[in-house]
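# Architecture and fold: a report
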Amino acid sequence: MIRIHNLTKSFGVFKAVDHISLEVPQGSFLVLVGPSGCGKSTMLRMLAGLERPTSGTVQFGSNIVSDGDRGWVIDPSRRDTGLVFQSYALWPHMTVAGNVDWPLKVAKMGKAERQSRVAEVLRMLGIEALSARYPNEISGGQQQRVAIARMIAPRPAILLFDEPLSNLDAKLRVEMRTELLRVHRATGATSVYVTHDQVEAMTMATHVAVLNNGRVEQFGSPEELVANPSTAFVATFVGTPPANLVPVNTLPSTRMDGLPKEALAMYRPEDLLAAGEGSDDSLAFDFAEASPVAGRTMLTGTRGTLRMTAVVDGAPRLQVGDKVHFRLPNMPAALFAQSGERLS
Ligand SMILES: Nc1ncnc2c1ncn2[C@@H]1O[C@H](COP(=O)(O)OP(=O)(O)OP(=O)(O)O)[C@@H](O)[C@H]1O
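Residues numbered from 1 in each chain as written. Predicted model: local features only at pLDDT ≥ 70, side-chain atom pairs only at ≥ 80, totals over all residues.

Within the chain, the secondary structure is distributed over nine helices and 19 strands. If you line up the chain on its principal axes, its C-alpha atoms span 75 × 50 × 30 Å. Classification of the 344 residues of the chain by burial places 39% in the buried group. Taking all contacts inside the chain whose residues are at least 6 apart in sequence as the whole, residues at least 24 apart take part in 62%. (Helix = DSSP H or I, 4+ residues; strand = E, 2+ residues; numbered from the N terminus. Buried ≥ 20, exposed ≤ 12 C-beta atoms within 10 Å, placed from the backbone. Contact = placed C-beta atoms within 7 Å.)

Take a look at the structure:
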């Protein structure tokens, strides 16, 4: 179990992490997701013991491992955590096996036991054939596997990942997601994974915390966040593609009835229809792009700073310069205040 209570980290007057509280049970895969600068890495560094909280506590199982109010932090090497960064940070002068063996040596494990554990984790990551190579003799994806093997070798109870896949190409990234989840399950550890990529978050997590400006916008399962976003930020951040928000006062009059004029209306891409001609229940946008997705078409239009995306069957044939008319359902899926809070 990981319990984070009122965790805050200030740099001068700036709060990078601002009173965050959340808890996940053992074996969870918690993803911290949000835009650049929202405080994800600072959170992870506090979990790793690399950064002292300004206030609040971090608890792993029954142990408090960081206490900002009392001003103490258990050393990173004594927290039973493993850490993998975006840059793999392998030791260039050591072979693959040497890199994986190193933390076991530091832990003073006996030689025979070390050998068998190194072989076991290399096998688990499918890199046993590379054991005698040096880091500069293997690919980026293979280096990332070595970094993961090195992290799990000492059997830490908590695995911490900071954007571990962002240096890999798109195809490898998708493969490594599955691989990482397999390793996570095989170890029985609790994982915390930082990413700015909501697709990664939604596909991997048991629990997601969407961060924005150092605060948790919403904490829940991927399904909950998509089905029931509690803020406008979450509504337009998660989902493939994310939901659309339109100011109520720009809706066609047939769709505005009974809605508060100042609010933002949320429409899901799959609830819209697209046409080349306008009607009294449609909104006109400048056609921007269309792409095939799983036998359907994803269509996007822009109007000033507004963007609208629909996923439809039978899309009209459009070219840049054409108008696309999105037909709206009777009621929006949700309403948000201009400030972002959910109204209904
Ligand atoms: N040592 C520091 N001194 C001052 N400000 C810092 C320090 N470390 C981080 N910050 C600030 O705290 C905020 C959060 O940083 P953090 O690295 O946690 O963000 P992030 O969400 O991980 O972003 P990214 O995805 O770009 O890595 C940023 O505005 C950053 O500039």
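Having seen the model, we can carry on.
The full set of residues close to the ligand is Phe-11, Ala-16, Gly-34, Ser-36, Gly-37, Cys-38, Gly-39, Lys-40, Ser-41, Thr-42 and His-196. Counting residues per element, the shell around the ligand draws most heavily on helix H1 (residues 40-48), at three residues. Here the residues of the shell around the ligand are counted per class, giving three nonpolar, seven polar and one charged. (Near = placed C-beta within 6 Å. Nonpolar A, V, L, I, M, F, W, Y, C, P; charged D, E, K, R; others polar.)

As a further point, take the sheet that holds strand S9 (residues 190-195). Pairing within the open sheet is mixed, and its six strands lie in the order S7-S8-S9-S3-S10-S11. Looking at which strands have only one partner, the edges of the open sheet turn out to be strand S7 (81-84) and strand S11 (215-220). Averaged over all pairs of adjacent strands, the angle between their axes in this sheet comes to 15°, without regard to strand direction. Contacting S7 and strand S8 (158-162), helix H4 (residues 140-152) crosses the sheet at an angle of about 170° to S7. (Pairing = 2+ DSSP bridges. Axes fitted to C-alpha atoms, helices over the stretch in contact; angles between N-to-C directions.)

Moving on: H1. With nine of nine residues buried, H1 lies mostly within the body of the structure. Every buried residue of H1 is accounted for by Lys-40, Ser-41, Thr-42, Met-43, Leu-44, Arg-45, Met-46, Leu-47 and Ala-48. Of the residues flanking the end of H1, it is Gly-49, one or two places downstream, whose phi is positive at about 85°.

It is worth spelling out the packing of helix H2 (residues 96-106) against H4 at this point. Running from N to C, H2 and H4 cross one another at 25°; their axes reach a closest spacing of 7 Å. The angle between H2 and H4 falls in the class roughly parallel. At the point where H2 passes H4, the crossing takes the right-handed sense. Taken together, the residues of H4 that come into contact with H2 (itself represented by Val-96, Asn-99, Val-100, Trp-102 and Pro-103) are Val-146, Ala-149 and Arg-150. (Parallel < 35°, antiparallel > 145°, perpendicular 65-115°, else oblique. Left-handed = near helix turned anticlockwise from the far one by under 90°.)

The next point concerns the packing of H4 against helix H5 (residues 170-187). Where H4 meets H5, the axes come as close as 12 Å, and the angle between the chain directions of the two elements is 15°. In terms of their interaxial angle, H4 and H5 are classed as roughly parallel. Crossing handedness for the pair H4 and H5: right-handed. Every residue of H5 that contacts H4 at Gly-141, Gln-144, Ile-148 and Ile-152 is listed here: Leu-172, Met-176, Val-183 and Thr-187. Of the residues assigned to the contact of H4 with H5, the class counts are five nonpolar, three polar and no charged.

Right, let's get into H5. Taking 1.5 Å of rise per residue, the 18 residues of H5 would be expected to cover 26 Å, and the 26 Å separating its terminal C-alpha atoms lies within 8% of that figure. Restricting attention to buried positions, one finds in H5 the residues Leu-180, Val-183 and His-184. Considering only its buried residues, H5 is in contact with strand S3 (29-33), helix H3 (111-124), H4, S8 and S9. Downstream of H5 by a residue or two, Gly-188 has a phi angle that is positive, lying close to 70°. (Expected span 1.5 Å × (residues − 1).)

It is worth spelling out the domain arrangement of the chain at this point. As far as domains go, the chain holds domain 1 (2-236) and domain 2 (241-336). Spacing between the C-alpha centres of domain 1 and domain 2 amounts to 38 Å. Between domain 1 and domain 2, the residue contacts involve four residues of the former and seven residues of the latter. Class assignment of the residues belonging to the side of domain 1 that touches domain 2 gives a composition of three nonpolar, one polar and no charged. (Domains from an automatic or database assignment.)

Residues in a regular strand point their side chains to alternate faces of the sheet. Direction of pairing for strand S16 (residues 296-303) relative to strand S17 (residues 306-312): antiparallel, over a ladder of seven bridges. Counted as the bridge partner of Arg-303 is Leu-306 from S17.

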